[in-house]
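So the chains spell out like this:
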Amino acid sequence: PNPAARRGFALALGAFTEDVLNANLDLLVDGLITASTRLEENAEERDAEARRNAVEALVTAVKTLGFAGCHDGAKGLNKESSNKVVEALLRAMQDYCTDNRGDVGSWVRMAAMDGIALVCGMMCAADKAAGKLGDSAGVWSDSICVKVIRTLLQQLSEKIDRVRSCAGAALSKIINPPDFETPFIPERSLLWEVLQIGAEEAAAVDWGSPSAAFPRLAKLLDNDTYRDSVLSGFVVSVGGISESTIKHSWSSMMQVMQAAPDVKALATSVGDSLSKLIHEAEKQDRVIVPAFKTAHLLLSNGCFDCLQPPESVVPKTLLERVQVELRGCKDVVKLESGLSVVATLLQFSDRSVRYPCLQTLLALLCHKYSRVRRKAGEELYMQLLTYDGIVDPEKMEEVSSILVETDWAAEIATVKLKRDELYVLLDVQRAETQRPAPSVDGAARPSAPRDDQGYQQLVKEMHY
């Protein structure tokens, strides 16, 4: 298909008059929703500009039609159709497609944020005109409100400056419209304080600046309603590649974690949310790798020191989530990030955590990628020096000697002998693994990926 034609037709659909739109309402709305949110199976056929234009056309059509209750004769979108439009815009805000130009999905997300601010304002205005503002019978509901605020807060916490600026503007319009008070907003006073809603233009927050945005948003990590959304954005920022974004997002997060009135309660909540995020984003490396980096920073900086098993299940749950992601993984960057988390979890002396950590690290000492083997050896050695009780003091010298003197980048057959010695010295049994069934037709299995494929994946992710 011709991408230019798709983009043009998408915009044209939103430019029809009200009579034409009303005559084909369901067909038009469903078509634009599909065009704005559907991703083709073939990545080469995906076109971010077409999806962005479809979002803009959908918003334009809604602006032309209005909502039932604000026109004579109750013309316009009814509650069911308005819910479909909002849900479509929320899905468009989760568009993270990339190509050789970078994060092209951000164009779609920004168009959806601009559009949802307008649509939400129109929904509230329609309810106000019909005398239903704040009423469950209106088109604006509490469930929609919570979803919209949470999704915008996630975007406001992420790493791209222009996306944060767009999200901040959209939130201000929704929370503080000029003619009425938007109903159903949870923790309204907290949001007003954090977002500095209603401030003079000179005092307004520059959301595009990491130094201004993240210290404010970090306060929401201690709020049950918005923690998951804000943390999902912080994870992407803390685990990113921009030095300024990493610096300010991580320092803001650390400050809130350390200064909380109840440090243990906040650490538990953040740990639970982080484990939940890793579970829900299973095999989505865009989220998983930054989440691993964030978890490693939290663990190595003592943020979870108060969560000792078996009283706390956070360390064990986090380990299990990481192990699921590492199983069968072929991405070197992800493997290295994950094994760093596993190694740092050795600080917990409880056997339910320490023993499976050792099993995982020892298994990775014979991984097919030499970089992973070397990284596993370095991490295990550093943790043995840092924490007591991992190895019998009488065997410490021998274990250290093996870890230091062995070239873990050598052939697997060579390092396997040394790794097997560590199993005995550390008194650890091999973890049971599920071996793939032999080929029925006798066909040769694909050869193992080369070490340099991990580097190629890294180059692809960094868009170099």
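Right, let's walk through the structure included here. (Residues numbered from 1 in each chain as written. Predicted model: local features only at pLDDT ≥ 70, side-chain atom pairs only at ≥ 80, totals over all residues. Heavy atoms only, no water.)

## Focus on the side chain of Ser-232
As for its placement among the helices and strands, Ser-232 is situated in helix 11 (residues 227-238). Here the side chain of Ser-232 touches Ser-229 through a polar contact of 2.6 Å, landing on its backbone oxygen. Each residue touching Ser-232, except ones within four places of it in the same chain, is listed here: Gln-154 and Leu-277. (Helix = DSSP H or I, 4+ residues; strand = E, 2+ residues; numbered from the N terminus. Polar contact = N/O pair within 3.5 Å; in protein donor to acceptor, adjacent residues only side chain to side chain. Contact = heavy atoms within 4.5 Å.)

## Points about the pattern of salt bridges
Per the counting criterion, the structure on display carries 22 salt bridges. In this structure, Glu-40 and Arg-38 form a salt bridge, with 3.8 Å as the shortest nitrogen-oxygen distance. With a relative accessible area of 11%, Glu-40 lands in the buried category. Between Arg-51 and Asp-95 there is a salt bridge; the shortest N-O distance is 2.7 Å. Here Arg-51 is found in helix 4 (residues 48-65), whereas its partner Asp-95 is found in the loop between helix 5 (79-92) and helix 6 (105-129), with 44 residues between them in sequence. Across this residue pair, the class does not change: Arg-51 and Asp-95 are buried. Here the residues in one salt-bridge network are Arg-7, Asp-47, Glu-49, Asp-99 and Arg-101, joined through shared partners. (Salt bridge = Lys/Arg side-chain N within 4 Å of Asp/Glu carboxyl O. Buried < 20%, exposed > 50% of the residue type's maximum accessible area, 1.4 Å probe, protein only.)

## As for the state of the cysteines
Counted by the stated rule, this structure contains 0 disulfides. With no disulfide partner, Cys-303 has as its closest neighbouring cysteine sulfur the one in Cys-306, 8.9 Å distant. Cys-366 takes part in no disulfide bond, and the closest cysteine sulfur to it belongs to Cys-329, at a distance of 18 Å. Judged by its relative accessible area of 16%, Cys-366 falls in the buried class. (Disulfide = S-S within 2.5 Å.)

## A look at the packing of aromatic side chains
Tallied over the full model, the rule gives 1 aromatic pair. Judged by centre distance (5.3 Å) and plane angle (75°), the ring pair of Phe-214 and Phe-234 falls under edge-to-face. One end of the pair, Phe-214, is in helix 10 (residues 210-217); the other, Phe-234, is in helix 11, and 20 residues separate them in sequence. Comparing Phe-214 with Phe-234, the two get one shared label, buried. A cation over an aromatic ring shows up here: Arg-351 above the ring of Tyr-355, its NZ or CZ 4.1 Å from the ring centre. Here the guanidinium or amino end of Lys-368 rests over the ring plane of Tyr-369, the centre of that ring lying 6.0 Å away. (Phe/Tyr/Trp six-rings, centres within 6.5 Å; stacked < 30°, edge-to-face > 60°. Lys NZ or Arg CZ within 6 Å of the ring centre and 35° of its normal.)

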